[in-house]
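Breakdown of the fold
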Amino acid sequence: MAGAPKSNQISAVAKTLDPAAMAKDLLFTAILSLVILGPIVGLKTVPATGSLALEQRWGTVLVLVGIVVVGRLIFHLIAARRPASRAKAAKPAGPGVDVGKYLAPILLIIALALPFIASLAPSQERRLVDLAILMMTYVMLGWGLNVVVGLAGLLDLGYVAFYAVGAYSYALLSTRYLPQWFGDGILPWAFFVTLPIAGMLAALWGLILGFPVLRLRGDYLAIVTLAFGEIIRIILTNWINFTGGPAGIDAIPRPWFFGHPFDDSANGFAALFGIESKPIQRIIYLYYIILALALVTNFVTMKLRRLPIGRAWEALREDEIACRSLGINTTNTKLTAFAIGAMFAGFAGSFFATRQGFISPESFNFMESATILAIVVLGGLGSQIGVVAAAIVIVGFFEVFREMNFLKEILPEGTDPVQFRMLAVGGAMVMIMRWRPRGLITRRDPTVYLKEKKAVPTELVAQGHG
Amino acid sequence: MEYFLQQLINGVTLGSIYGLIAIGYTMVYGIIGMINFAHGDVFMVGGFAAVIAIIAIGVTGNGAIAFTILALLLVVIIAMIIASAYNWTIERVAYRPLRGSFRLAPLISAIGMSIVLQEFVRVAQGGRPKPLQPIVEGGVVLMRRAVSEGEFVVQLSYMQMLIVITTLVLMVIFTALITRTSLGRAQRSCEQDMKMAALLGIDVDRTISITFVMGAALAAVAGLMFFLYYGVTDFFVGFNAGVKAFTAAVLGGIGSLPGAMLGGIILGLIEVFWSAYFSVEYKDVAAFAMLAVVLIFLPQGILGKPEVEKV
């Protein structure tokens, strides 16, 4: 792969605008996109009596082919305008703007004040806080996965398995085992008792899985973690006696405010503070729990980065062989990254279970793993603030897709813009890798420095991280 | 005994399909060292192209045999062309610009591409499974256990024969293509040393593109056969089939063509016997666990060469 000859030299010659060659290329593009789009988009299989029939939609095909050809034409025109010698080194990629320094405190203040901001719009309050909880959950999962993918450079495609372990740990313990062992008196504290247990169980699973497979090369590891994620999901679906099977587990207890429930009882949260009881109070409380969990994740990660273990992670990501020659125990280093990442997923899973009150295996499929990975990739592998930005973009994006009325007008009848969301996420992953492999936030601060703090220029880092 | 024989037949049939998909993984891995994660979805697209072609041409099980055979041949060619166009474009758009990028970039891009393909087909064709009346029906009864011992009929269906024979023929053609032609020589040289191959005048980009096209063509055949065998397909079949075919490729030794076929058949047998004798629910667990076990204890596979790590 490394020795692949670049086709840049050839395309540099073709970049002078040659109408004949361009027309040929456009014709080729048109034919190719017709072959690709024609049958799959143009002929929709619809159920007919006892069999299938085809519904023809050639209009849509023509529009799409037109878009592709025009896009290609624009690409050519832009390419022709650029000087042919535009090599990558021509514009030295600077360290990038230090967005984190100013943005992080602002974001933190917004995050802390969000429920109060939301209360200014009472009709939308519930929706806004719910959306914020969802975003924060993804931020936390993204930060957890960032330890594994961004810092240690291990591609984990089964991250959602640990999320599931955390969620099922809380659900099973709080609905079945804790009341059985300690009586119902434990319930007000169930969430806080179970949270560390869930994290530890997830970390334990991380160790169990990681131990045998972490010797593997990066891409093999990715597929094995993917397989592991699927195995967990299949077991959750089929082990009906224990997990409830496809029906899942419901009536999972909500968290209490240090022994005070969120209702209008005499012992309730509202009565404690002498205010009127409202359902939104519980939602806001949930929001602060996930915010605290996410901040803990971030804090621990940032501290770990400065410890020898964190530096070993990043060294491992850059060059495994060099690490081994320097006497770093690569297996243990990978294993800690894996287990710590898994632990954060376990915490997030517990939170998910208590927020939803109901979980089933379907919440933990591969698309969930892929979404979390997309957040990390989009934000920039290894960048903490990037994960926040990407989580806001992706989760917010899903919400915006739902609201886009003008899209509904241009799209043909019966098409719902929401169904394009995963398509957009997948496309974004490809495009980010192609044009901006360091993600939305490109700046990385070095973990350790001598006397003077300097950002790491892109060229000096092997894998596009920093 | 009869039950065992029947499962053996089913396992080899399923394994042939896995083997055909696995060849696409193994060839691409051999030449550019990346896992084409979207390959399973190219298989799915090939299956959909075949379904659409079958309905458009109007192939049914009721017509004359000669007509059915000719029509299926046409269907398979159409599916091959469409799947090849997909895989060619994927390589061009999502993988080629990433050569020389950081280690995980092509794999992440491939995962993105896999999601794009799945979602594209789901949006364009709908999320529901697509069932169709069987086209190739009937079979040969090989063995029959008497009613007194609990009746059981061992049947080799025409569809199973078709799958195994087609796979064998394709294997022979492809092995000849790789070992005897200049194209195969170019591929093998790129596999060994891409830079040197380029210096000796081999168009590396073109060779890689052709590898993707070949893999996609085989996946399309597998897609058609999978659909004819099970009578139903949906946008998500590529995911499971892809992971299993990748397991088969690793099991047989990644980079080795006969290895992919062997791995496919072993995996098919494991899956079928597991469902027959243990539990149907956990058959995917057996296949996925197999992947982990093979990678840990036999990372070079059965027919693969041990990998030398170069610094």
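Quick caveat: nothing in here was measured; it's all calculated off a predicted structure.

Calculation rules
- Residues numbered from 1 in each chain as written.
- Chains lettered and ligands numbered in written order.
- Predicted model: local features only at pLDDT ≥ 70, side-chain atom pairs only at ≥ 80, totals over all residues.
- Heavy atoms only, no water.
- Axes fitted to C-alpha atoms, helices over the stretch in contact; angles between N-to-C directions.
- Helix = DSSP H or I, 4+ residues; strand = E, 2+ residues; numbered from the N terminus.
- Parallel < 35°, antiparallel > 145°, perpendicular 65-115°, else oblique.
- Left-handed = near helix turned anticlockwise from the far one by under 90°.
- Contact = heavy atoms within 4.5 Å.
- Nonpolar A, V, L, I, M, F, W, Y, C, P; charged D, E, K, R; others polar.
- Phe/Tyr/Trp six-rings, centres within 6.5 Å; stacked < 30°, edge-to-face > 60°.
- Buried < 20%, exposed > 50% of the residue type's maximum accessible area, 1.4 Å probe, protein only.
- Pairing = 2+ DSSP bridges.
- Core = buried A, V, L, I, M, F, W, Y, C linked by side-chain atoms within 4.5 Å.
- Domains from an automatic or database assignment.
- Salt bridge = Lys/Arg side-chain N within 4 Å of Asp/Glu carboxyl O.
- Patch = residues over 30% accessible without salt bridge, like charges linked within 9 Å, V, L, I, M, F, W, Y side chains within 5 Å.
- Areas by Shrake-Rupley, 256 points an atom, 1.4 Å probe, with all protein chains shown as cover.
- Buried area = accessible area lost by both parts, 1.4 Å probe.
- pLDDT = per-residue confidence, 0-100.

Bringing the packing of helix H7 (residues 190–213) of chain A against helix H14 (residues 330–356) of chain A into the picture now. Residue and element names in this part refer to chain A. Where H7 meets H14, the closest approach of the two axes is 7 Å, and the angle between their N-to-C directions is 140°. Taken together, the axis directions place H7 and H14 in an arrangement best described as oblique. For the pair H7 and H14, the crossing hand works out as right-handed. Two secondary-structure elements touch here, H7 through Phe191, Leu195, Pro196, Ala198, Gly199, Ala202, Ala203, Gly206, Leu207, Leu209, Gly210 and Phe211 and H14 through Leu335, Phe338, Ala339, Ala342, Met343, Gly346, Phe347, Ser350, Phe351 and Thr354. Residues that form the contact of H7 with H14 fall into these classes: 16 nonpolar, six polar and no charged.

This part covers the packing of aromatic side chains. According to the stated counting rule, one finds 30 aromatic pairs over all chains in the structure shown. Judged by centre distance (5.1 Å) and plane angle (25°), the rings of Phe4 of chain B and Phe273 of chain B are stacked. Of this pair, Phe4 of chain B sits in helix H1 (residues 2–32) while Phe273 of chain B sits in helix H10 (residues 257–277); the two residues are 269 residues apart in sequence, bridging distant segments of the chain. By relative accessible area, which is 17% here, Phe273 of chain B ends up buried. Members of the aromatic cluster, joined through ring pairs, are Tyr159, Phe162, Trp205, Phe228 and Phe338 of chain A.

Our next topic: the pairing of strand E3 (residues 152–157) of chain B. Note that strand E2 (residues 139–145) of chain B and E3 of chain B share six bridges and pair antiparallel. Bridge assignment links Gly139 of chain B to a residue of E3 of chain B, and that residue is Ser157 of chain B.

Residues Leu155 of chain A together with Ile111 of chain B are the most contacted members of the largest nonpolar core, which totals 221 residues. Top contributing element to this core by residue count: helix H5 (residues 125–151) of chain A, with 16 residues. Looking at which domains feed residues into this core, each of domain 1 (14–45 + 55–84) and domain 2 (115–460) of chain A gives three or more. Non-local contacts of Ile111 of chain B, meaning those with residues more than four positions away in its chain, are made with Leu155, Leu157, Phe366, Leu373 and Met429 of chain A together with Phe37 of chain B. With five residues, the next largest nonpolar core counts Leu14, Tyr18, Val272 and Ala287 of chain B among its residues.

So, about the pattern of salt bridges. All names here are of chain B. Considering all chains together, one arrives at 16 salt bridges over all chains under this definition. Its salt-bridge partner being Arg122, residue Glu119 comes within 2.8 Å of it at the nearest N-O pair. Highlighted residues: Glu119 and Arg122, both in helix H4 (residues 105–125), separated by three residues, approximately one helical turn. Among the residues examined, Glu119 registers a relative accessible area of 5% and is labelled buried. Linked through salt bridges whose partners overlap, the residues forming this network are Glu91, Arg96, Arg99 and Asp205.

Here the focus is the packing of helix H5 (residues 158–180) of chain B against H10 of chain B. Residues and elements named next belong to chain B. Between H5 and H10, whose axes approach to 10 Å, the crossing angle comes to 160°. Classified by the angle their axes make, H5 and H10 are roughly antiparallel. Every pair of crossing elements has a handedness; the one defined by H5 and H10 is right-handed. Contacts between H5 and H10 pair Thr167, Met171, Phe174, Thr175 and Ile178 from the former with Leu257, Pro258 and Met261 from the latter. Taken together, the residues of the contact of H5 with H10 break down into six nonpolar, two polar and no charged.

Next up on the list: a nonpolar patch on the surface. Taken together, Trp189, Phe192, Val193, Ile197, Met200, Leu201, Leu204, Trp205, Leu207, Ile208 and Phe258 of chain A make up a surface patch of nonpolar side chains, about 960 Å² in accessible area. Along the chain, the position of Ile197 of chain A falls in helix H7.

It is worth spelling out the interface of chain B and chain A at this point. Counting residues at the interface gives 75 residues for chain B and 69 residues for chain A. Note on chain B versus chain A: buried area summed over both sides is about 6400 Å², and carbon and sulfur give 75% of it. Counting across the chain B and chain A interface gives zero salt bridges. By residue number, the principal contributor to the side of chain B that touches chain A is H4 of chain B, which donates 18 residues. Across the side of chain B that touches chain A, the residue classes tally to 53 nonpolar, ten polar and twelve charged.

Low pLDDT marks stretches whose predicted atomic positions should not be read closely. For chain B, the mean per-residue pLDDT works out to 85, and 98% of the residues sit at or above 70. Mean pLDDT in chain B bottoms out at E2 of chain B, which sits at 75, and peaks at helix H8 (residues 204–230) of chain B, which reaches 90.

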